[in-house]
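One-letter residues, chain by chain:
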Amino acid sequence: MKKSSMKIGRTILCGGLVLSLVLGSTPTAEVEAKKVTKQESVYVNAGADGSVTKVTVSDWLKNSGAVSGGVKDRSQLSDIKNVKGEETFTQNGDALNWNTSGADIYYQGTTEKKLPVELSITYKLDGQEMNPEDMLGKSGKVEIHVSYKNKLKTTKTVNGEKTQIYTPFVMVTGMILENDRFNNIKISDGKVINEGTNSIVVGLGVPGLSESLNLKKSQAKKLKSEFTVTADVTDFSMGNTFTYGSADLFGDMDLKESAGLDDLEDKLDDMTDATAKLVKGSDDLSDNMGLFADKMGELKSSVETYQKTGVKKLTKGVKKLAKNGPVLVKGVGDYVDGADTLADGTTAYVDGAGKIADGNIALYEAVKGLPEQLQTFDTGLITYTQGVDQLGSEENIEKVKGGAQAVSAGITTLNTSLEQLEQTYANNEQIIAALEGAAAQNEQLAAVVSQLKTLTAAQKQAITELKNATGADSQLKTGAESLSTGVSTVMDSLGQLSANSESLRTASATLNESMPTLVGSIKTLKEGSVTLNKNNKKLTKGAKKLKKAGKKMNKSTKTLNKGMKKLNKGGKKLNKATVKLVNGVFQLEEASEKLDDGSQTLHSGMVQFNKEAIKKLKKIYENKVKDLTERLEAIADAGEDYKSFSGIGDGMKGEVKFIIETEAIENE
């Protein structure tokens, strides 16, 4: 354990020397090579609690070997002896006069002089403070508290006043803790280094520095003069601790150059000017933000109007249009179905009318020679009578009369159907009128409506002509009625002939008289059929166009319905987006009001900042910063003034370092 203690001791000493070289100024060996410098190492033996038991001082009169003759020194040590050469000295009180022989002087002595910094180490186990020797072999939660008390002050002038300044000692304490005994090692201000078998704990303190700087308690916490080590310990045992202390780290600080302070003062003047500009700028900003807030209020009102009178009405209309889309599709579908039925009926009618016309022509061709043929009727009366008996049977009479009557009745029914069909145009025109309103915003639907109007007009014209051709006063109707009357007369006559062949001659005479009328009626019927057939091609062509247009219209209406659904979805999205827009504008309007309030607050704050901050900052600089700078200069001076612990020769430069070794707490 003692070997380990010596190892850690050397580590701490080396660390302290490195710290001195890093933070200190240029080594004295490079300054005035022939100037003698006294480097003093104060070795302190102390108890485990830090109480001093022995002080040994080693001095090195550096560069003394290069001085011819003697070297004058001062020392308050006892038992002085040369530890490296044979050079001798004479002593008169604390004055020493060394005889040099071309070599530097190394000497050593002892003293009972109090140290400038007091070291104190206390121990606690499970929260209970204990004497170091009582800790041995104990287990539990251990706390090792190390504190430094600076007892060396000097008087310096700060801001024109006499002020007590502590000599700026930097203290570094290290200890070695066996990992077999100590676990969960922590330190409040320092470093724990685990090297496998042991943990090296190093703590730092700058006693008196916060007081010298006149810092507040909250600021002084960063410049502590103590630290605490905590750990879980089993069978407590601890080796020596080593503490390195020196004031040289601050001794060579050069804070007396004024260029930095002059620059700072210039920057404060620039800051004062800039702040005045900021105050004016914040005033302009406040005015502009007020105008911005007013305009945001106008925007809010406009957006509300846009939402209420624009988007809501639009989406409502689109929704209604989309809702009626299926109705339109169904109505157009029904219309197309009716148009298809009409077209099919028209086609069937044309076919039937053609057949009727062909029959009428054939009938006329058959009967147009009857008058002449009746001239020979009498000649074959007997043969004819026999035929009449067969033809004039009751069954045949009824069939022929019924057929003739059916032709006339069919024409009347057709005319009635055409009138009913013509009445449906009012509904078609209403549908077209309704579609024209929607077609104003849809080119595809507009094309369909245009075709529908053209086809409807053509159909209407064709049906009007057909209705006129089958009317009560038409040639077709009058001819059919005449035919029916003639056929009825003929068939009645045939019945009479069949019933009474003997009266056939009389009937034959009557037939001869009525035959020209019958033939004329058949001729009229034939001519009406020819006239009717002239419109059949137009009706057939119109029916085909109507069916084709119906298919296009049905397809276009379905496409229109899909478009209206998409339009409805777009309307919903537009409505949602508008709600977001309105909410965003509301938030923006609220934010603009806050910005307006904030800009006013900023202006007030800038005025207050200029008054209470910038102007005070200059005052603080004059009162505080200069004070802090002068205190730092005073601290550096105090560190530079501390050249020796045991005494130093006039005109010599000096460096002092303290090495304090405490007793180990372990079994002998």
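Residues numbered from 1 in each chain as written. Predicted model: local features only at pLDDT ≥ 70, side-chain atom pairs only at ≥ 80, totals over all residues. Heavy atoms only, no water.

**A word on the sheet that holds strand β3 (residues 70-74)**
Spatially, 3 strands are ordered β3-β6-β5 in an open sheet, and the strand pairing comes out antiparallel. Each end of this open sheet is capped by a strand with a single partner; those strands are β3 and β5 (89-92). The average undirected angle you get between the axes of adjacent strands in this sheet is 20°. Where β5 lies against strand β6 (residues 95-99), 4 bridges are found, and the strand directions are antiparallel. What sits directly across from Thr90, in β6, is Asn97. (Pairing = 2+ DSSP bridges. Helix = DSSP H or I, 4+ residues; strand = E, 2+ residues; numbered from the N terminus. Axes fitted to C-alpha atoms, helices over the stretch in contact; angles between N-to-C directions.)

**A short note on unusual backbone geometry**
Although it is not a glycine, Asn63 sits at a positive phi angle of roughly 70°. Here Asn63 lies in the loop between β2 (52-62) and β3. In this structure, Asn214 is a non-glycine residue whose phi angle is positive, near 60°. For Asn214, the position within the fold is in the loop between α3 (209-212) and α4 (217-220). What makes Asn214 exposed here is its relative accessible area of 53%. (Buried < 20%, exposed > 50% of the residue type's maximum accessible area, 1.4 Å probe, protein only.)

**Section: helix α10 (residues 425-439)**
Across its 15 residues, α10 extends 20 Å between first and last C-alpha, which sits within 8% of the 21 Å expected from 1.5 Å per residue. Among all positions in α10, only Tyr425, Asn428, Ile432, Leu435 and Ala439 are buried. The buried residues of α10 occupy an angular sector of 80° when the element is viewed end-on, so they sit on one face. Those residues of α10 that are exposed and aimed more than 90 degrees away from the buried face are Gln430, Ala434 and Gly437. (Expected span 1.5 Å × (residues − 1). Arc of directions from axis to C-beta.)

**Quick word on a negative patch on the surface**
Taken together, Asp49, Glu133, Asp134 and Glu663 make up a surface patch of like negative charges. Residue class for Glu663 comes out partly exposed when judged on its relative accessible area of 47%. (Patch = residues over 30% accessible without salt bridge, like charges linked within 9 Å, V, L, I, M, F, W, Y side chains within 5 Å. Areas by Shrake-Rupley, 256 points an atom, 1.4 Å probe, with all protein chains shown as cover. Salt bridge = Lys/Arg side-chain N within 4 Å of Asp/Glu carboxyl O. Lys, Arg positive; Asp, Glu negative; His and termini not counted. Charge placed at Lys NZ, Arg CZ, Asp CG, Glu CD.)

**Some words on a positive patch on the surface**
Positive charge collects at one region of the surface, where Lys319, Lys323, Lys558, Lys562, Lys565, Lys566, Lys569, Lys572, Lys573 and Lys576 lie side by side. Counting only elements with at least two residues in the positive patch, the list comes to α6 (259-367) and α14 (536-641). With 8 residues, the top contributor of residues to the positive patch is α14. Tracing the sequence through the fold places Lys319 in helix α6.

**Focus on the pairing of strand β15 (residues 190-194)**
Relative to strand β16 (residues 198-205), β15 runs antiparallel, the two sharing 5 bridges. Following the sheet pairing, Lys191 is matched in β16 by Val202. Hairpin remark: β15 followed by β16, antiparallel, with 3 residues in the connecting loop; positive phi at Gly196, about 105°.

**Brief notes about the pattern of salt bridges**
Counted according to the given criterion, the structure contains 9 salt bridges. With its nearest N and O atoms 3.6 Å apart, the salt bridge here joins Asp232 to Lys141. Of this pair, Asp232 sits in strand β17 (residues 226-233) while Lys141 sits in strand β10 (residues 140-150), and the two are 91 residues apart along the sequence. Asp232 gets classed as partly exposed once you look at its relative accessible area, which sits at 28%. According to the relative accessible area criterion, Lys141 is partly exposed, its value standing at 37%. Among the charged side chains, a salt-bridge network with shared partners connects Lys38, Asp59 and Asp73.

**Digging into the nonpolar core**
Judged by nonpolar contacts, the single largest core of 49 residues is most densely connected at Val42, Tyr123, Val142, Ile144, Val229, Phe236 and Phe645. Setting aside residues up to four positions removed in sequence, Val229 forms contacts with Val142, Glu143, Ile144, Met175, Leu177, Ile185, Lys186, Ile187 and Val201. (Core = buried A, V, L, I, M, F, W, Y, C linked by side-chain atoms within 4.5 Å. Contact = heavy atoms within 4.5 Å.)

**Concerning helix α9 (residues 394-423)**
Along an α-helix, residues three or four apart share an orientation, since each turn contains 3.6 residues. Spanning 30 residues, α9 covers 43 Å between terminal C-alpha atoms, matching the ideal 44 Å at 1.5 Å per step. Looking only at α9, the buried set comprises Ile397, Lys401, Ala404, Ser408, Ile411, Asn415, Leu418 and Leu421.

**Observations regarding the packing of α10 against helix α11 (residues 443-469)**
The angle between the axes and the distance between the axes are what describe a pair of packed helices. Where α10 contacts α11, the axes come no closer than 9 Å and their chain directions differ by 160°. Here α11 runs roughly antiparallel to α10, going by the angle between their axes. For the pair α10 and α11, the crossing hand works out as left-handed. On the side of α10, the interface is formed by Tyr425, Glu429, Ile432, Leu435, Glu436, Ala438 and Ala439, while α11 contributes Leu445, Ala446, Val449, Leu452, Lys453, Thr456, Gln459, Lys460 and Ile463. (Parallel < 35°, antiparallel > 145°, perpendicular 65-115°, else oblique. Left-handed = near helix turned anticlockwise from the far one by under 90°.)

**Observations regarding the sheet that holds strand β9 (residues 128-130)**
Pairing in this open sheet of 5 strands is antiparallel, and the strands run β9-β8-β10-β17-β14 from one edge to the other. Unpaired on one side and paired on the other, β9 and β14 (182-187) mark the two borders of the sheet. Neighbour-to-neighbour, the strand axes of the sheet open up by a mean angle of 25°, direction not taken into account. Relative to β10, strand β8 (residues 117-125) runs antiparallel, the two being bridged by 9 bridges. Following the sheet pairing, Ser120 is matched in β10 by Ser147.

**Focus on the side chain of Thr241**
Within the fold, Thr241 resides in strand β18 (residues 241-246). On the basis of relative accessible area, Thr241 is assigned to the buried category, the value being 1%. A distance of 2.4 Å separates a polar atom in the side chain of Thr241 from a polar atom in the side chain of Thr662. (Polar contact = N/O pair within 3.5 Å; in protein donor to acceptor, adjacent residues only side chain to side chain.)

**Focus: the side chain of Ser41**
Assignment of secondary structure puts Ser41 in strand β1 (residues 37-46). Its relative accessible area of 8% is what places Ser41 among the buried residues. A polar atom in the side chain of Ser41 sits 3.0 Å from the side chain of Lys657. Ser41 has contacts with Thr56, Val57, Ser58, Lys657 and Ile659, leaving out every residue within four places of it along the chain.

**What about the packing of aromatic side chains?**
Considering all chains together, one arrives at 9 aromatic pairs under this definition. Consider the rings of Phe89 and Trp98, whose centres lie 4.5 Å apart with planes at 40°: the pair is tilted. Overall, the relative accessible area of 0% leaves Trp98 in the buried class. Ring centres of Phe182 and Phe236 lie 5.8 Å apart, and the angle between their planes is 75°; this geometry places the pair in the edge-to-face category. (Phe/Tyr/Trp six-rings, centres within 6.5 Å; stacked < 30°, edge-to-face > 60°.)

**Description of the confidence of the model for the chain**
When pLDDT is averaged along the chain, the result is 76; 66% of the residues meet or exceed 70. In this model residues 1-33 is a low-confidence stretch, pLDDT under 50, and it forms 43 contacts with partners more than four residues away in sequence or in other chains. (pLDDT = per-residue confidence, 0-100.)

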